[in-house]
Amino acid sequence: MIDKSRSRPVKFVVAVILFAYLSYFIQSGAVGIDLLDAGLTSAATLKVNGFFTAIFKLISWLASPGRDIFWAVLLAFLLYGFKYKIQAFWSLGLMAGGVILDFIVKHVIARARPIGHLATDTGYSYPSGHTIGTFVLVATVIIIIVPEIDNYRLAQTIKWVSVVWLLLVMVARVYLQAHYPTDTIGAVLLGWLWLEVMEWLYVFYAPTLLKWRLFYRSYL
């Protein structure tokens with residue numbers, strides 16, 4: 001399901017470099033980052049009204065870190081029941097690692113949230129926990145579920161709906177001023193580099209795990 005890829009090390013290095021540079025500039029308070037955030041925030045909050053606020057609050061609620069974990073557990077339960085046992089535990093590991101990395105980076109960078117945000121979130125701002133959790137879920141759907149769907153149109157619909165959902169979550173967090181735009185970009189980069197690690201671990205260990213009783217008769 002997850003094949004060997006010669007480009008995976010390259011993608012990992014690119015993700016690490018981009019994330020490291022962004023994190024450095026944010027922590028050092030670079031003027032360019034402030035200008036980028038200001039411009040993107042202005043675009044995302046161009047039309048603030050009660051309707052859009054309610055919609056984006058609902059999106060933010062559905063994509064909260066706690067609910068992302070719930071969706072991941074539910075998805076893993078279904079995957080295990082359909083004999084995708086290794087993939088089920090892999091998806092849980094992907095989510096757990098994303099949550100842990102998000103927590104660590106948040107406390108290392110210690111970026112304060114935007115002043116006067118419309119959401120009720122507390123804690124540090126960078127990276128966005130909502131975004132990295134959603135990224136993990138979307139990655140799981142695209143990598144594990146979409147390839148197993150025989151109907152091409154249905155598979156592509158699910159794929160692009162998932163991508164649009166991730167974008168909506170990113171916009172919602174900025175619209176509600178719970179995060180700066182670079183918080184959501186950083187979360188995607190962090191999720192991307194962690195995904196490359198987890199894909200490598202799957203390729204390396206999945207054949208061995210088939211020998212374990214817990215993963216007996218699991219699909220690869």
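Since the model is a prediction, treat every value here as computed from it, not as a measurement.

Moving on, we get to the packing of helix H5 (residues 85-109) against helix H6 (residues 129-145). Following both chains from N to C, one finds H5 and H6 inclined at 160°, their axes separated by 10 Å at the closest point. The angle between H5 and H6 places the two elements in the roughly antiparallel class. Here H5 and H6 pass one another in a crossing that is right-handed. Two secondary-structure elements touch here, H5 through Gln87, Trp90, Ser91, Leu94, Met95, Gly98, Asp102 and Lys106 and H6 through Gly129, Ile132, Gly133, Val136, Leu137, Thr140, Ile143 and Ile144. Split into classes, the residues belonging to the contact of H5 with H6 amount to eight nonpolar, six polar and two charged.

In this section: the nonpolar core. Residues Leu79, Trp90, Leu94, Ile143, Leu195 and Tyr202 are the most contacted members of the largest nonpolar core, which totals 26 residues. Of all the secondary structure elements, the ones that give two or more residues to this core are helix H4 (65-81), H5, H6, helix H7 (152-175) and helix H8 (181-209). For this core, the element with the most residues is H6, which contributes seven residues. Excluding anything up to four places from it in sequence, leucine 79 contacts Tyr84, Lys85, Gln87, Ala88, Ser91, Ile144 and Ile145. Counting residues in each nonpolar core, the second largest holds 14 residues, with Ala30, Val105, Ile109 and Ile132 among its members.

In this section: unusual backbone geometry. Residue proline 127 is bonded to the preceding tyrosine 126 through a cis peptide linkage, with omega at -5°. Its place among the elements puts proline 127 in the loop between H5 and H6. One non-glycine residue, lysine 83, lies in positive phi territory at about 75°. Even without glycine at this site, glutamine 177 takes up a positive phi of about 60°. Judged by relative accessible area, glutamine 177 falls into the partly exposed class, the value being 26%.

What follows covers the packing of aromatic side chains. This structure, assessed with the given rule, holds 13 aromatic pairs. Seen in terms of ring centroids, phenylalanine 56 and tyrosine 175 are 4.8 Å apart; in terms of plane orientation they differ by 45°. Their pairing is tilted. Residue phenylalanine 56 is located in helix H3 (residues 50-62), and its partner tyrosine 175 is located in helix H7; the two are separated by 119 residues in the primary sequence. Among the residues examined, tyrosine 175 registers a relative accessible area of 2% and is labelled buried.

As a further point, take H6. Helical periodicity: at 3.6 residues per turn, an α-helix aligns residues three or four positions apart in one direction. Across its 17 residues, H6 extends 23 Å between first and last C-alpha, which sits within 8% of the 24 Å expected from 1.5 Å per residue. Counting buried positions over the 17 residues of H6 gives 15, a clear majority of the element.

Mapped onto this numbering, the UniProt entry annotates "transmembrane region" (unreviewed entry) at residues 12-33, 58-82, 89-109, 129-146, 158-176 and 188-210. Span residues 188-210 is 96% helix and 0% strand, its end C-alpha atoms 31 Å apart.

Let us look at the environment of glycine 129. Tracing the chain through its elements places glycine 129 in helix H6. Under the relative-accessibility criterion, glycine 129 is labelled buried at 10%. C-alpha of glycine 129 to C-alpha of leucine 40: the two residues are 89 residues apart in sequence and 19 Å apart in space. Not counting residues up to four positions away in its chain, the partners in contact with glycine 129 are Pro65, Asp68, Asp102, Lys106 and His179.

Here we come to the side chain of threonine 184. Looking at the secondary structure, you find threonine 184 in helix H8. When its relative accessible area of 3% is taken as the criterion, threonine 184 is described as buried. A polar atom in the side chain of threonine 184 sits 2.6 Å from the backbone oxygen of proline 181. Setting aside residues up to four positions removed in sequence, threonine 184 forms contacts with Ser128, Thr131, Met170, Arg173 and Val174.

How each quantity is defined
Residues numbered from 1 in each chain as written. Predicted model: local features only at pLDDT ≥ 70, side-chain atom pairs only at ≥ 80, totals over all residues. Heavy atoms only, no water. Axes fitted to C-alpha atoms, helices over the stretch in contact; angles between N-to-C directions. Helix = DSSP H or I, 4+ residues; strand = E, 2+ residues; numbered from the N terminus. Parallel < 35°, antiparallel > 145°, perpendicular 65-115°, else oblique. Left-handed = near helix turned anticlockwise from the far one by under 90°. Contact = heavy atoms within 4.5 Å. Nonpolar A, V, L, I, M, F, W, Y, C, P; charged D, E, K, R; others polar. Core = buried A, V, L, I, M, F, W, Y, C linked by side-chain atoms within 4.5 Å. Buried < 20%, exposed > 50% of the residue type's maximum accessible area, 1.4 Å probe, protein only. Phe/Tyr/Trp six-rings, centres within 6.5 Å; stacked < 30°, edge-to-face > 60°. Expected span 1.5 Å × (residues − 1). UniProt positions renumbered as here; feature names shortened; annotations may be inferred. Polar contact = N/O pair within 3.5 Å; in protein donor to acceptor, adjacent residues only side chain to side chain.

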